[in-house]
Amino acid sequence: MSAAEPRTERSAEPRTELDPRFSSPGAEPARWADAQELLSGAELYWLTTVRPDGRPHVTPLIGVWWRGALHFCTGAEERKARNLAANPEVVLTTGTSTWAEGFDLVVEGRADRVTDEGLLTALAGAWEAKYGAVWHFDVADGVFVGAQGNRAEVFAVSPRTVFGFGKGDPFTQTRWRFA
């Protein structure tokens, strides 16, 4: 897979499993379509990367679920970009901060750089459609360019495994695995 063409738009549905150890009796696994809707509508995601010395790094950020992948951007000199240069494996989480209601998602995968200007232009439009004009980006030289000339690399995380945690009645723990 080249940096210009991250793995997106999976054609097959993921394998879905309910973990009965952490689910209410009689619970059914969550639907992948519902998880994708939550990924698409979330305003904030938490990105976990690993520093070169092995220590974890977690930071909140905005992103866009688009064509089967979760996309985020960062400046090339930011801690998360430096971590990704050494180890592209990441975890992204989103959900609610409650115990007895809501749904949380944990996305595991590899963060691949997006450099194709056509893809970046489409993603810039998706960012602005989701977050408004304050998040307008132009595209140049394989990166997003902000209003003050700030530059951001864009990454796509195509899920390898996603965990869904339904909270309340019923409690569920669903795992989706991608081939």
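Provided above is the structure to which this section pertains.
The following refers to the structure shown. Not measured: the values here are computed from a predicted model.

### A closer look at the overall build of the chain
Here is step 1 of the chain: When its secondary structure is counted, the chain shows three helices and eleven strands.
Here is step 2 of the chain: Against the globule reference of 16 Å for 179 residues, the chain gives a C-alpha radius of gyration of 17 Å, in line with a compact fold.
Here is step 3 of the chain: Counting only C-alpha atoms and orienting by the principal axes, one finds that the chain spans roughly 55 × 40 × 30 Å.
Here is step 4 of the chain: Expressed as a percentage of its 179 residues, the buried residues of the chain come to 44%.
Here is step 5 of the chain: Taking the intrachain contacts of the chain between residues at least 6 apart in sequence as the baseline, contacts between residues at least 24 apart amount to 64%.
Here is step 6 of the chain: Carbon and sulfur atoms form 52% of the exposed surface of the chain, whose accessible area is close to 9400 Å².
Here is step 7 of the chain: Positive and negative charge centroids in the chain, built from 19 and 24 side chains respectively, lie 6 Å apart.

### Overview of the environment of Leu84
Here is step 1 of the chain: Its place among the elements puts Leu84 in helix α2 (residues 79–86).
Here is step 2 of the chain: Its relative accessible area of 6% is what places Leu84 among the buried residues.
Here is step 3 of the chain: As a C-alpha pair, Leu84 and Asp112 span 28 residues in sequence and 9.0 Å in three-dimensional space.

### What to know about unusual backbone geometry
In terms of backbone geometry, most residues other than glycine have negative phi values and most peptide bonds are trans.
Here is step 1 of the chain: With an omega dihedral of 5 degrees, the bond running from Asp169 to Pro170 counts as a cis peptide bond.
Here is step 2 of the chain: Inspection of the secondary structure assignment puts Pro170 in the loop between β10 (151–166) and β11 (172–177).
Here is step 3 of the chain: Positive phi, close to 50 degrees, is recorded for Arg67, a residue that is not glycine.
Here is step 4 of the chain: Checked against the element boundaries, Arg67 lands in the loop between β4 (64–66) and β5 (69–74).
Here is step 5 of the chain: For Arg67, a relative accessible area of 43% gives the class partly exposed.
Here is step 6 of the chain: Unlike most non-glycine residues, Asp141 shows phi in positive territory, near 55 degrees.
Here is step 7 of the chain: Checked against the element boundaries, Asp141 lands in the loop between β8 (138–140) and β9 (143–145).
Here is step 8 of the chain: Among the residues examined, Asp141 registers a relative accessible area of 64% and is labelled exposed.

### A look at the pairing of strand β2 (residues 45–50)
Here is step 1 of the chain: Where burial is concerned, the two faces of β2 differ: the one with Tyr45, Leu47 and Thr49 is buried and the one with Trp46, Thr48 and Val50 is not.
Here is step 2 of the chain: Alignment of β2 against strand β3 (residues 56–61), held across six bridges, turns out to be antiparallel. Across the sheet, residue Val50 finds its bridge partner in β3, namely Pro56.
Here is step 3 of the chain: Hairpin connection between β2 and β3: a loop of five residues separates the two successive antiparallel strands, and Gly54 in this loop has a positive phi of roughly 95 degrees.
Here is step 4 of the chain: Of the pairings in the sheet, the one linking β2 to strand β6 (residues 89–94) comprises three bridges and is antiparallel in character. Bridge assignment links Thr48 to a residue of β6, and that residue is Val91.

### Focus: helix α3 (residues 117–131)
An α-helical segment advances 3.6 residues per turn. Residues three or four places apart therefore align on the same side.
Here is step 1 of the chain: In a regular helix each residue adds 1.5 Å, so 15 residues correspond to 21 Å; α3 covers 21 Å between its end C-alpha atoms and thus fits that length.
Here is step 2 of the chain: A distance of 3.1 Å separates the backbone nitrogen of Gly118 from a side-chain oxygen at the start of α3, and that oxygen is part of Asp116.
Here is step 3 of the chain: Phi for Gly132, located one or two positions after α3, is positive at around 95 degrees.

### Examining the side chain of Lys167
Here is step 1 of the chain: Its place among the elements puts Lys167 in the loop between β10 and β11.
Here is step 2 of the chain: Taking relative accessible area as the criterion, Lys167 reaches 11% and is therefore assigned buried.
Here is step 3 of the chain: At a separation of 2.9 Å, a polar atom in the side chain of Lys167 contacts the side chain of Asp104.
Here is step 4 of the chain: Here Lys167 is in contact with Thr96, Thr98, Trp99, Ala100, Glu101, Gly102, Phe103 and Asp104, once residues within four sequence places are set aside.

Rules of the game
- Residues numbered from 1 in each chain as written.
- Predicted model: local features only at pLDDT ≥ 70, side-chain atom pairs only at ≥ 80, totals over all residues.
- Heavy atoms only, no water.
- Helix = DSSP H or I, 4+ residues; strand = E, 2+ residues; numbered from the N terminus.
- Rg over C-alpha atoms; globule rule 2.2 N^0.38 Å.
- Buried < 20%, exposed > 50% of the residue type's maximum accessible area, 1.4 Å probe, protein only.
- Contact = heavy atoms within 4.5 Å.
- Areas by Shrake-Rupley, 256 points an atom, 1.4 Å probe, with all protein chains shown as cover.
- Lys, Arg positive; Asp, Glu negative; His and termini not counted.
- Charge placed at Lys NZ, Arg CZ, Asp CG, Glu CD.
- Pairing = 2+ DSSP bridges.
- Expected span 1.5 Å × (residues − 1).
- Polar contact = N/O pair within 3.5 Å; in protein donor to acceptor, adjacent residues only side chain to side chain.

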